[in-house]
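Residue strings, one per chain:
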Amino acid sequence: MLDTVPTLLAVLPRDIKTLRTIILGGEACPPAIAARWTRIGRVIYNSYGPTEATVVATIAEVWPKEPVTIGRPIPNYSCYIVDDALNLIAPAWKANC
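The text that follows walks through the structure, step by step, so that each part is easy to find.

Calculation criteria
Residues numbered from 1 in each chain as written. Predicted model: local features only at pLDDT ≥ 70, side-chain atom pairs only at ≥ 80, totals over all residues. Heavy atoms only, no water. Pairing = 2+ DSSP bridges. Helix = DSSP H or I, 4+ residues; strand = E, 2+ residues; numbered from the N terminus. Buried < 20%, exposed > 50% of the residue type's maximum accessible area, 1.4 Å probe, protein only. Right-handed = clockwise from strand over helix to strand, strands pointing away.

**Remarks on the sheet that holds strand E3 (residues 43-48)**
Line of reasoning, step 1. Pairing is mixed in the open sheet, where five strands are placed in the order E1-E2-E3-E4-E5. In this open sheet, the two strands that pair with only one neighbour each are strand E1 (2-4) and strand E5 (72-73).
Line of reasoning, step 2. Bridge analysis of E3 against strand E4 (residues 58-61) gives four bridges, and the strand direction is antiparallel. In the strand pairing of E4, Asn46 is matched with Ala60.

Next up, the structure:
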């Protein structure tokens, strides 16, 4: 398992075949990371949380050729999305419910 920022993962010179789980966070994850590091038997997650507290609040699995998102709240967490006027905005995944 490796928990790191995308920038560090991007500069590793070669794949680590025994690496089964990668958790990325701390900065935006470029789609090229998924393309380079995805392989059968490996899971990559993009995590997001408030920098001030150094915690993870949301997580999403990363897939090649798919947009990288901050995902959904982790278990026992709630997250709210607001506009510039601090009005609540429904999450995209609830829009079709």
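Back to the write-up after that little detour.
**Quick notes on the pairing of E4**
One face of the sheet, then the other: side chains in a regular strand alternate in exactly this way.
Line of reasoning, step 1. Side chains of E4 alternate between two faces, with Thr58 and Ala60 buried and Ile59 and Glu61 left unburied.
Line of reasoning, step 2. In terms of strand pairing, E4 meets E5 through two bridges, oriented antiparallel. Residue pairing for E5: Ile59 is matched across the bridge by Arg72.

**Observations concerning the pairing of strand E2 (residues 21-24)**
Line of reasoning, step 1. Because side chains alternate across E2, one face comprises the buried residues Thr21 and Ile23, and the other comprises Ile22 and Leu24, equally buried.
Line of reasoning, step 2. Two strands pair when backbone bridges link them, and E1 and E2 are joined in this way by three bridges, in the parallel orientation. Looking at the pairing, Leu2 lines up with Ile22 of E2.
Line of reasoning, step 3. One crossover worth recording links E1 to the parallel E2 by way of helix H1 (residues 6-11), and it is right-handed.
Line of reasoning, step 4. In terms of strand pairing, E2 meets E3 through four bridges, oriented parallel. The partner of Ile23 across the bridge, within E3, is Tyr45.
Line of reasoning, step 5. Taken together, E2, helix H2 (residues 31-37) and E3 form a β-α-β motif whose crossover is right-handed.

**With respect to the environment of Asp3**
Line of reasoning, step 1. Inspection of the secondary structure puts Asp3 in strand E1.
Line of reasoning, step 2. Judged by its relative accessible area of 59%, Asp3 falls in the exposed class.
Line of reasoning, step 3. Measuring from C-alpha to C-alpha, the distance between Asp3 and Ala34 comes to 15 Å, with 31 residues separating the pair along the chain.

So yeah, pure geometry; function would need other evidence.
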